[in-house]
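Tertiary structure, described
Chain residues, written in single-letter form:
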Amino acid sequence: MIGNIIKPFYLEGLSFECCRCSTCCRHTPGYVFISLNDLELLASHTGMDKKEILTKYCREIYTIRGTKISLKEKPNYDCIFWEKDGCIYYEARPIQCRSYPFWKAYLGNRRKWESLRSFCPGIDKGKKHSKEEIEEWLDKVRQENYYFI
Ligand code: SF4
Ligand code: SF4
């Protein structure tokens, strides 16, 4: 019984392949938090100064643990990085986007994972990701520093 509780449901891995439909980048309000590493990556990818990136593309979000930085949204709730052909900085997109859908919030049980099917056509399709790969994403996200102040 205890074994069943602690065994992750994704022991055999999970299939996911993004088809770049952009559903998760558009039309719905939300946060794309960026970490200090994300900011470094964006600066080296774009050649822009970090301060310029923060001013042009980011907003402050106050939380009880400190100030986090999220990408801005357009008035229609599209992500500020989304243009008609998709994410303009896809190669340097924040880890929140790169690690999706292997987020702690969706990996608690199969029902949570399957709830993503209703809006993300990549769920349970394409490449199989092993338990180790999935947990590598969880670890990477856990190690990021999201607090700027
Ligand atoms: S909703 Fe899923 S398939 Fe569509 S862009 Fe986002 S991650 Fe990719
Ligand atoms: S940063 Fe790019 S991949 Fe992430 S939500 Fe914005 S447009 Fe989509």
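Here's a quick rundown of the structure. (Residues numbered from 1 in each chain as written. Chains lettered and ligands numbered in written order. Predicted model: local features only at pLDDT ≥ 70, side-chain atom pairs only at ≥ 80, totals over all residues. Heavy atoms only, no water.)

**A closer look at the side chain of S15**
- Its location among the elements puts S15 in strand β1 (residues 14-16).
- For S15, the contacting residues outside a window of four places in its chain are W113, G122, I123, D124, K125, G126, K127 and K128. (Helix = DSSP H or I, 4+ residues; strand = E, 2+ residues; numbered from the N terminus. Contact = heavy atoms within 4.5 Å.)

**Side note on the nonpolar core**
- Core analysis: the biggest nonpolar cluster contains 18 residues, and L14, F16, Y100, F102, L107, W113 and I123 have the highest contact counts within it.
- It is helix α6 (residues 131-143) that provides the largest number of residues to this core, a total of 3 residues.
- If sequence neighbours within four positions are ignored, L14 has contacts with F9, F102, L107, W113, K127, K128, H129 and I134.
- Formed by 17 residues, the second largest nonpolar core is a distinct cluster that contains V32, L42, L71 and W82. (Core = buried A, V, L, I, M, F, W, Y, C linked by side-chain atoms within 4.5 Å. Buried < 20%, exposed > 50% of the residue type's maximum accessible area, 1.4 Å probe, protein only.)

**Overview of the packing of aromatic side chains**
- All chains considered together, the criterion is met by 11 aromatic pairs.
- On the basis of an interplanar angle of 80 degrees and a centroid distance of 4.8 Å, the ring pair of Y57 and F81 is categorised as edge-to-face. One end of the pair, Y57, is in helix α3 (residues 50-57); the other, F81, is in the loop between β4 (66-71) and β5 (82-83), with 24 residues separating them in the sequence.
- Take Y57: its relative accessible area is 8%, and that puts it in the buried class.
- Given the relative accessible area of 2%, F81 is considered buried.
- Measuring from centroid to centroid gives 5.4 Å for Y100 and W103, while their planes differ by 80 degrees, and the two rings are edge-to-face.
- Joined through ring pairs, the aromatic side chains of F16, Y100, F102, W103, Y106 and W113 make up one cluster.
- The ring of Y146 carries K68 above its face, with NZ or CZ at 5.5 Å from the centroid. (Phe/Tyr/Trp six-rings, centres within 6.5 Å; stacked < 30°, edge-to-face > 60°. Lys NZ or Arg CZ within 6 Å of the ring centre and 35° of its normal.)

No statement about biological role is implied by the geometric values presented.
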